[in-house]
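Structural features, examined
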Amino acid sequence: MKGFKRFGFIMVGLALMTGLLSACSGNGNEKSSESENAAATNSGTGGEENPYKDPMQISVAFWDVEAEVAKIENDPIVQDILKKFNITIKPVNTTWDDYGQKIQMWAASGQLPDVFAIDAIGTQYQRKWVDQGVVAPLPDLTNYPNLAKYFEAPDIAGLAVDGKQYTIPRRMFPSTDWSALDRVVYYRWDLAQEAGITKEPETWEEFKVMLDAIVKADPEGKRITGLTSSQVKMLGGLFWLYGNPVATSDGSGADFKWIKEDGKFIPAVFSKTALPALQNMKDMYDKNLIDPDIALTSPEIAYDKFASGKSAAMLSGGGFINLDANIQRKRWANSYPDKEISETVKVLKPLIGPDGERHHAIFKTYWSESYFSGKIDPKKLDRILALFDYVLSPEGKTLLTYGIEGVDYKVEGDKKIMLETKALNEKYPAISFLRDLVAYETADRYDLSNPSISDVGLREEAVEYIDWILNNTKVPEYDIRLTYMSTPTKDSFTVFDHDDLLNVMLSKEPVEQAWQKIVDGYKSKGLDKMIEEVNTKAKEQGIE
């Protein structure tokens, strides 16, 4: 997903941060213990006295939070929720370009806001924040039952350090099957039909034939290109699916998964099945089935190209939600006022690979996470967790999704019927921010009664798509414990597979030579040593 520039900043700031983090460790440790104990005793709403009678301001670092908080004054729902907990939010702005750098600097200088968002799980920074008390541990979550449920997912429960959780992952999906929605390919089915294609593609070969037909026919005379992507970091989410699906990565560099090959655990990206996947991608590029400018792409460029008919297909994150929000709502009517997008654009189902299986991208069930400053006042931590718990509760989720009962929707039987005809985000402009601050929970939006996907035709297709995924695709085996495992070399080892894929794609050398140079580069950074350390530790822990 997002956060594609974070590791550039991480690498630049490595040496400086190490020393500074050490400098702020003492106070953080003391406050962490205090927070843990007091938060557990101060929570709860069952007493006679209002536990939230004292007003409280919490500082929040979140992407573009200044703009989001400014919307609250026009959002009665979010105002009421914050009033319920007697909270005001002090925004501490970060952007998609600077959040990693800013947070590392604040952590090193002891200036972290009360709560902040970042995607740092698995990095050496997160481990140091925990070790040095820069971030507070979560208290016992008994008093926050909705939040406690959060930690039942295996990949989230596995984040505990010595039995304690230090972060609240921003969950997206109930299981890894839903990861299929986070790397999807939209394609122009109308143009494919005009180019003579009569069957929606099910295999890689059929997909390539379709792209080739559209590009060569160029039905609208726009010099259409093949596949583009909203970000280059998403390339691995598609091209590894050609026989090496476990190698799919969210682009963070630290989430690489391990498989057992020839009796040894190795990162899947270095499997023997990597070469066929790379060759397939390279062939597509060389045959003009991939946008020649894909290395320079960005979300806005890609959305514009696809929505204006200049690209036959587009690789994107966000599934049907992005298709609705960024293509349908923002752009489609300008280019095609007479075409229904749900009848014109299709979302590619996972293709049958060389192994005869349909695989989709595999990520964690969450993306990014919330941390709390090690210096946070325990009462403040309790109040924030109570707010988070409410947002995750059935009442909070319904309110932030459907609006106000009797005003925005009504209930008939077990269904909610929308009364409000315009998008709720327009009527309540801050509900997405409050919901996303805690969790993305995008799975909830794949429901026919959920208005988040505003185009009804796309909503119906979205529900059918995920049902199809759950019934027809297969998640290959891997052990998430190896991804989370800490060893001296692994803790600082990153695999930016999207950069590697791009380098192979653009290389003038044969695929095998280009890939071997990349592998040799990883070896020079300690790949073999890391593999040795992980296999030794896996054996000690009984992981087979």
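Here, every reference points to the structure presented above.
Small disclaimer: the values here were computed from a predicted structure and weren't measured.

Comments concerning the overall build of the chain
Counting its secondary structure elements, the chain contains 24 helices and 13 strands. Against the compact-globule benchmark of 24 Å for 544 residues, the chain has a radius of gyration of 24 Å, which places it among compact chains. By the burial criterion, 58% of the 544 residues in the chain qualify as buried. Only carbon and sulfur atoms are counted for the fraction: they give 49% of the accessible area of the chain, which is about 22600 Å². With 63 positive and 82 negative side-chain charges, the chain shows a spacing of 2 Å between the two charge centroids.

Some remarks on the sheet that holds strand E2 (residues 87-94)
The five strands are arranged E2-E1-E3-E11-E4 in an open sheet whose pairing can be described as mixed. Where the open sheet ends on each side, the last strands, each with one partner, are E2 and strand E4 (168-171). Put simply, the sheet's adjacent strands are angled 25 degrees from each other on average, direction ignored. Direction of pairing for strand E3 (residues 115-118) relative to strand E11 (residues 366-372): antiparallel, over a ladder of four bridges. Of the residues in E11, the one forming a bridge with Ile 118 is Glu 369.

Quick word on unusual backbone geometry
Peptide bonds are mostly trans, and most non-glycine residues show a negative phi. The phi dihedral of Asp 64 is positive, around 55 degrees, even though this residue is not glycine. The topology assignment puts Asp 64 in the loop between strand E1 (56-63) and helix H3 (65-70). For Asp 218, which is not glycine, the phi torsion reads 45 degrees and is therefore positive. Take Asp 218: it is sitting in the loop between helix H10 (204-217) and strand E6 (225-229). The exposure class of Asp 218 is buried, given its relative accessible area of 18%.

Side note on the pattern of salt bridges
Enumeration according to the criterion identifies 35 salt bridges in this entry. Between Arg 188 and Asp 190 there is a salt bridge whose closest N-O contact spans 2.8 Å. A single burial state applies to Arg 188 and to Asp 190, both of which are buried. If you follow the salt bridges from partner to partner, you end up with Arg 188, Asp 190, Glu 220, Lys 222 and Lys 339 in one network.

Comments concerning the packing of aromatic side chains
Counting across every chain of the model gives 31 aromatic pairs. Each ring, one from Tyr 52 and one from Phe 85, has its centre 5.1 Å from the other, and the planes form 55 degrees; the classification is tilted. Of the two residues, Tyr 52 is situated in the loop between helix H2 (25-42) and E1 and Phe 85 in the loop between helix H4 (76-84) and E2; the sequence distance between them amounts to 33 residues. Both residues of the pair, Tyr 52 and Phe 85, belong to the buried class.

Looking at the pairing of E3
Burial along E3 is two-sided: the residues Val 115 and Ala 117 and Phe 116 and Ile 118 are all buried. Where E1 meets E3, two bridges bridge the pair, whose relative direction is parallel. For Ala 61, the partnering residue across the bridge sits in E3 and is Phe 116.

Examining the environment of Glu 300
With respect to the secondary-structure elements, Glu 300 resides in helix H13 (residues 299-307). For the pair Glu 300 and Val 60, spaced 240 residues apart in sequence, the C-alpha to C-alpha distance is 27 Å.

Comments concerning helix H5 (residues 99-109)
Listing the buried residues of H5 in full gives Tyr 99, Gly 100, Ile 103, Gln 104, Trp 106, Ala 107 and Ala 108. Looking at the residues trailing H5, positive phi occurs at Gly 110, about 70 degrees.

Some remarks on the sheet that holds strand E9 (residues 311-316)
Across a sheet, strands are paired by hydrogen bonds formed along the backbone, either parallel or antiparallel in direction. If you walk across this open sheet you meet the four strands as E6-E9-E5-E10, and the pairing is mixed. A strand with exactly one partner marks an edge of an open sheet, and here the two such strands are E6 and strand E10 (345-347). Mean inter-strand twist for the sheet, computed between neighbouring axes without regard to direction, equals 20 degrees. The pairing of strand E5 (residues 184-188) with E9 spans four bridges and is classified as antiparallel. Residue pairing for E9: Val 184 is matched across the bridge by Ser 316.

Some points on helix H16 (residues 378-392)
For H16, which comprises 15 residues, the first-to-last C-alpha distance of 21 Å matches the rise-based estimate of 21 Å (1.5 Å per residue) to within 8%. The backbone nitrogen of Lys 379 has a side-chain oxygen 2.8 Å away, supplied by the residue at the start of H16, namely Asp 377.

Quick word on the nonpolar core
Core analysis: the biggest nonpolar cluster contains 102 residues, and Trp 129 and Phe 372 have the highest contact counts within it. Per-element accounting of this core gives the leading share, nine residues, to H16. By size, the runner-up hydrophobic cluster in this structure holds 65 residues, among which are Ala 213, Val 269, Ile 294 and Ala 514.

What counts as what
- Residues numbered from 1 in each chain as written.
- Predicted model: local features only at pLDDT ≥ 70, side-chain atom pairs only at ≥ 80, totals over all residues.
- Heavy atoms only, no water.
- Helix = DSSP H or I, 4+ residues; strand = E, 2+ residues; numbered from the N terminus.
- Rg over C-alpha atoms; globule rule 2.2 N^0.38 Å.
- Buried < 20%, exposed > 50% of the residue type's maximum accessible area, 1.4 Å probe, protein only.
- Areas by Shrake-Rupley, 256 points an atom, 1.4 Å probe, with all protein chains shown as cover.
- Lys, Arg positive; Asp, Glu negative; His and termini not counted.
- Charge placed at Lys NZ, Arg CZ, Asp CG, Glu CD.
- Pairing = 2+ DSSP bridges.
- Axes fitted to C-alpha atoms, helices over the stretch in contact; angles between N-to-C directions.
- Salt bridge = Lys/Arg side-chain N within 4 Å of Asp/Glu carboxyl O.
- Phe/Tyr/Trp six-rings, centres within 6.5 Å; stacked < 30°, edge-to-face > 60°.
- Expected span 1.5 Å × (residues − 1).
- Polar contact = N/O pair within 3.5 Å; in protein donor to acceptor, adjacent residues only side chain to side chain.
- Core = buried A, V, L, I, M, F, W, Y, C linked by side-chain atoms within 4.5 Å.

The quantities given are spatial measurements derived from coordinates; they are silent on function.
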